[in-house]
Amino acid sequence: MTRIGGTWQNWGRSAQVRPLRVERPRSPEGVQRAVTAALAHGLSIKAVGAGHSFTGIAIAPGVLLELDDMQGLVAADQQSGRVTLLAGTRLHRIPALLAPYGLAMENLGDIDRQSIAGAVSTGTHGTGSGFGGLATQVVGVTLVTASGDFLRVDENNSPELLPAVSLGLGALGIIVEITLQCVPAYALSAVDEPAPLADVLATLDDRVASSDHFEFYWFPHTEVALTKRQTRMPESTRRQPLPVVGRWIDETLLSNGVYRVVCAGAQLVPAITPPFNRLAVTLTGDRQYVDRSHRVLTQSRTVRFREMEYALPAENVIPAFRAVKELIEQRGWRIEFPIEVRFAAEDDRWLSTAHGRATGYIAVHRYWRADPTAYFEAVEQIMLEHAGRPHWGKLHTLDAAQLRDRYPRFDDFVALRDRLDPERRFANRYLDRVLGE
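Treat the numbers as computed from the prediction; the structure is a model and nothing was measured.

What counts and how
- Residues numbered from 1 in each chain as written.
- Predicted model: local features only at pLDDT ≥ 70, side-chain atom pairs only at ≥ 80, totals over all residues.
- Heavy atoms only, no water.
- Patch = residues over 30% accessible without salt bridge, like charges linked within 9 Å, V, L, I, M, F, W, Y side chains within 5 Å.
- Areas by Shrake-Rupley, 256 points an atom, 1.4 Å probe, with all protein chains shown as cover.
- Salt bridge = Lys/Arg side-chain N within 4 Å of Asp/Glu carboxyl O.
- Buried < 20%, exposed > 50% of the residue type's maximum accessible area, 1.4 Å probe, protein only.
- Helix = DSSP H or I, 4+ residues; strand = E, 2+ residues; numbered from the N terminus.
- Expected span 1.5 Å × (residues − 1).
- Pairing = 2+ DSSP bridges.
- Polar contact = N/O pair within 3.5 Å; in protein donor to acceptor, adjacent residues only side chain to side chain.
- Contact = heavy atoms within 4.5 Å.

Caption draft 1: How the structure looks around a nonpolar patch on the surface. Residues L268, V269 and I272 make up a contiguous nonpolar surface patch of about 290 Å² in total accessible area. By relative accessible area, which is 75% here, L268 ends up exposed.

Structure follows, in structure tokens:
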């Protein structure tokens, strides 16, 4: 997230706004006062996290609440494994907060710059067919509603609302605290290795089932998949982390530094993309290590990009992937970013992309200075033909009429929104499009 003068813009530079007012509350009560004041002046109000959504979901044309000063641990219970965090807490700070209690988050996505409230509200997920997205770890939420009141939702207070408010798109109120169900701290044994793409697709189901966490990347213009598989180990397992110098060369120099130069150069000379992609798969993705869970699940990404990701029934991943590969070849596009394929367990969150079905994800990216429109729209059509649901925080073109058919609890969510925010004080153009006005 960046603010230049009076303008807020997201990390991917795909959305920006000049809000009428910016406030930085330091407590839940400060959020409540800001909401009450906005209501009194007839203004809309929204909270922003780290700005890592590519859609306009966080756009706040009225009052923008920056929750950077609302970070940290509110409470922790080592015995139950439950911890309560302030909504603005960044994911990368959470491991250190949990360490004294011997706890860890059950799963993480591959980027940890987001705020916890932003991450769960947009459906952020990691990979692993036995694990749900981050919102499935939420067992309690406190938010400020459009009436200016605190609403607590957990197993003892309106528990029927938890599947809605734990992944609420920012449409139901301003989240101020989140309670997570954590697990005992654990290590991960990781193997990153290239493999022939044809072999990976032919054995994909077995690969997914035999690893706690499995994903693969495919650089267009190659026939190699960069696979990543991880096995959960006791926290006491002897760690064998990546060498500091080797990790710096792989992740900082090659994956970010050199890659940034190549992406920029490809805007002027697209022909350099295929040979670089072929070189990339020979220089990266071949390593074994054991480390703390968060150090394995997350990675540093400093090359700015834009992304679209669709969630598919797990059985549709291979045909959809093959169709995207064929599309790129037919169109003769030079695509500089890899396609990422991940997996998640089905869950009960009303607006979760994995609601009610075992799920696979296909994500496509473009360098932020490249126009992604033609590529993303063509890929989106393939995803829709394979029963896809778009990630709420990543670029897509669907509206409420199209989304209603894809979510069994869509109308229930809209009805709850009507009850909690009848005047749409937490709305913006994106929410109007995907939920209706």
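Caption draft 2: Structural view of helix α10 (residues 317-331). With 15 residues, α10 ought to run about 21 Å at 1.5 Å a step, and its terminal C-alpha atoms sit 21 Å apart, in line with that. Once α10 ends, the next one or two residues include G332, with phi positive near 70 degrees.

Caption draft 3: Focus on the pairing of strand β20 (residues 359-367). Taking burial as the measure, the nine residues of β20 include nine buried ones, the bulk of the element. Direction of pairing for strand β18 (residues 305-313) relative to β20: antiparallel, over a ladder of nine bridges. Bridged to P313 within β20 is T359. Here strand β19 (residues 339-344) pairs with β20 via five bridges, running antiparallel. For F343, the partnering residue across the bridge sits in β20 and is G360.

Caption draft 4: A look at the side chain of D291. As for its placement among the helices and strands, D291 is situated in strand β17 (residues 287-292). Exposure remark for D291: the relative accessible area of 3% places this residue in the buried category. Of note is the side chain of D291, whose polar atom sits 2.9 Å from the side chain of R295. Not counting chain neighbours up to four residues away, the residues in contact with D291 comprise A187, L188, R239, P241 and V296.

Function-wise, these values are silent; they only describe arrangement.
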